[in-house]
Amino acid sequence: MKNPASDLEVLILAPTGQDGGAAVEVLNTHRILARPFSDMTSLCERLKKPAGAVLIAEEALTLENSDQLKQAVSLQEAWSNIPIILLTSEFEKILSAERILEILGTTGSLSILERPFKILTLVSAVRVALGSRLRQYEVKELLEQQAKALKQRDEFLHIASHELKTPLTSLKIQVQLRKKLLEKNDPGVYSPESVTNLVNITDKQIRRLTRLVEDMLDITRIQGGQLTLNTEKIEFENLVKEVISNFDEEFRRAGCELRSEIAGGLTINGDRYRLEQVVTNLLSNALKYGNGCPVDVKASKDGKAIRLSVKDQGIGIDSTSQERIFERFERAVSPSSIGGLGLGLYITRQIVELHHGKIYLESTVGKGSEFILEFPEY
Ligand code: ADP
């Protein structure tokens, strides 16, 4: 919470510095922050910043400065309704009392405390006001969180549609091309090269679409606390080798070297499918953001921990983004430069943590990134 009640200052307007000072002292002894103001103009100026309540001694109030306060209060944001406490003695006897009430009454948060009152009455009235003010700040924060979530959702929908459309467009172009050749009775359409090409492209794009849809489903599972593991004893070195061999072709086509150093005897208690997903994600990121430079995969045992390192020499990640990219939808590149939903590392971290493991990142912009996983040994 950004503004706990004890951090919210009570702004006091009293005719003489002395009255204000006394009120400040009383409130301070009860651990309430307070500040005296000698004129309404400076108090209203201070209202532009976060504040807890306004306390006004009746003698300090005039028709003009009531109006001034009303103006300042009306400029507050929709969520804000600062409590105003008016300290009176013979308020009804003041000529303009009704008019003042009319003006301030419409602020909707005016309360009147009649003098003489006990100090505790004042303190408790101020505490009630600060409590209600704190609720307002809480509502403000909720509203901000909601607005952020809506913005994120809209951005996600925009990027997700774009990401889904790219492979679909590629498939559409291939099909239209074959259709035209078939219409022209072109025998080339049946040639082994043409068929192999079509199968390869279709396979690649279907895998891309499947990965996207799987990621989106995983997000829903994580949010609902339904991402669970089917654990068994796993020879992690074999799992890593399998994923590497699945990537061989893709790295070769990208002209990127994939080097590995895999130790033996790396057993962990894990979910095969989910661990494959983790290693796949790190390797596909190394390829995607690796600038075509060699990628090194190392798996080893470090004491009781099983370690996997995936190191590239690509674009790297600036230090301010290194924490953030493990969060949902967070990315460190612009969508127009390299596509992606910003879900892979979020899902990866969730899976690693479900395995009681840890994920670390070391990266330098322009030099490359190293993602390190650590799992407890079986
Ligand atoms: P996506 O790749 O779909 O954006 P990820 O969650 O896998 O989603 O990654 C989040 C962000 O982290 C990426 O957008 C990218 O900015 C950054 N990132 C991930 N891996 C690397 C890497 N190996 N090198 C540089 N940046 C990376």
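Bear in mind the structure is a predicted one, so any value in this text is a computation, not a measurement. (Residues numbered from 1 in each chain as written. Predicted model: local features only at pLDDT ≥ 70, side-chain atom pairs only at ≥ 80, totals over all residues. Heavy atoms only, no water.)

Caption draft 1: Broad picture of the packing of aromatic side chains. If you walk through the whole model with that rule in mind, you get five aromatic pairs. For the ring pair Trp-79 and Tyr-137, a centre distance of 5.1 Å and an interplane angle of 55° mean the geometry is tilted. Remark: Tyr-137 occurs in helix α5 (residues 119-183) and Trp-79 occurs in the loop between α3 (63-74) and β4 (84-88); sequence separation between them is 58 residues. For the pair Trp-79 and Tyr-137, one class covers both residues: buried. (Phe/Tyr/Trp six-rings, centres within 6.5 Å; stacked < 30°, edge-to-face > 60°. Helix = DSSP H or I, 4+ residues; strand = E, 2+ residues; numbered from the N terminus. Buried < 20%, exposed > 50% of the residue type's maximum accessible area, 1.4 Å probe, protein only.)

Caption draft 2: Expanded view of helix α7 (residues 236-253). End to end, α7 covers 27 Å across 18 residues, agreeing with the expected 26 Å (1.5 Å per residue, within 8%). Most pronounced at Phe-247, the bend in α7 amounts to some 40°. Residues of α7 that are buried: Phe-236, Glu-237, Leu-239, Val-240, Val-243, Ile-244, Phe-247 and Phe-251. (Expected span 1.5 Å × (residues − 1). Bend = angle between axes of the 7 residues up to and from the residue.)

Caption draft 3: Just the site of the ligand, in detail. Among the 21 residues in the neighbourhood of the ligand, the closest are listed as Tyr-289, Asp-312, Arg-331, Ala-332 and Leu-345. Separating a nitrogen atom of the ligand from a side-chain N or O atom of Asp-312 is a distance of 2.8 Å. Between Val-333 and the ligand, the recorded distance is 3.4 Å, taken from a backbone N or O atom to an oxygen atom. When residues of the shell around the ligand are traced back to their parent elements, those giving at least two are α8 (272-288), α9 (344-354) and β12 (368-376). With three residues, α8 is the largest single contributor of residues to the shell around the ligand. Tallied by class, the residues present in the shell around the ligand amount to 10 nonpolar, seven polar and four charged. (Near = heavy atom within 4 Å. Polar contact = N/O pair within 3.5 Å; in protein donor to acceptor, adjacent residues only side chain to side chain. Nonpolar A, V, L, I, M, F, W, Y, C, P; charged D, E, K, R; others polar.)

No statement about biological role is implied by the geometric values presented.
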